[in-house]
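Structural overview for review
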Amino acid sequence: LDGDAQRASECLEACLEVHRAARRSWPVAMARLHLGHQALEQGRFDDAARELSVATLHADRLGALPLLSEIWCAQARLALERRDNAPVEGLLRRAWALAGELTLPAAFVDVLLTTAWWRARQGQPDEARARLAEAERLLEALGQRRRPEPRWSFTIARVLDTLPH
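Residues numbered from 1 in each chain as written. Predicted model: local features only at pLDDT ≥ 70, side-chain atom pairs only at ≥ 80, totals over all residues. Heavy atoms only, no water.

Considerations on the packing of helix H6 (residues 105-121) against helix H8 (residues 150-162)
- Axis separation between H6 and H8 bottoms out at 8 Å; the angle between their running directions is 25°. As the angle between them shows, H6 and H8 are arranged roughly parallel. Classified by chirality, the crossing of H8 by H6 is left-handed. Along its contact with H6, which presents Ala106, Val109, Asp110, Leu113, Thr114, Ala116, Trp117, Ala120 and Arg121, the element H8 presents Arg151, Trp152, Thr155, Ile156, Arg158, Val159 and Thr162.
- When the residues that make up the contact of H6 with H8 are grouped by side-chain class, the tally is 9 nonpolar, 3 polar and 4 charged. (Axes fitted to C-alpha atoms, helices over the stretch in contact; angles between N-to-C directions. Helix = DSSP H or I, 4+ residues; strand = E, 2+ residues; numbered from the N terminus. Parallel < 35°, antiparallel > 145°, perpendicular 65-115°, else oblique. Left-handed = near helix turned anticlockwise from the far one by under 90°. Contact = heavy atoms within 4.5 Å. Nonpolar A, V, L, I, M, F, W, Y, C, P; charged D, E, K, R; others polar.)

Structure (structure tokens):
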């Protein structure tokens, strides 16, 4: 489904329909998170906020810590897109703490890339480049260097667009 946003949305909606009755459902939390990612990437910020809020509720009920870390990073990216820096530091602080507890490479990629974008926005290009380089090393280790997941490609592009050339 890579590159076919419409088909991906249809599949995610079908997943939600199958699991709609479940109050505690990992697939629902994941589907909402990915719908939030899609909306964010498409510039539909209100839809992204709604989906990420629902994903947070489901992930919190499940105690799905890896999802919470990813959701907080997505919420931070949404705030950056809206040019609302107020919640970014708190969201990233929570995501960093959780990523450190989980020691999952994917969680660190999210946090590193989102932090790189935030630092670039704050006029700290050296710090942004250092975080980006760390994330790229992890992506290499995950076998995602050439074709990273869309959420990572999106954030990498934002970082590079924000850094001075």
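Overview of unusual backbone geometry
- Of note, Arg83 is a non-glycine position whose phi angle comes to about 60°, a positive value.
- The topology assignment puts Arg83 in the loop between helix H4 (65-81) and helix H5 (88-102).
- Since its relative accessible area comes to 61%, Arg83 is described here as exposed. (Buried < 20%, exposed > 50% of the residue type's maximum accessible area, 1.4 Å probe, protein only.)

Here's the deal with the confidence of the model for the protein chain
- Averaged over every residue, the pLDDT of the protein chain is 88; residues scoring 70 or more account for 91%.
- The weakest mean pLDDT in the protein chain belongs to helix H1 (residues 5-19) at 71; the strongest belongs to helix H7 (residues 125-141) at 95. (pLDDT = per-residue confidence, 0-100.)

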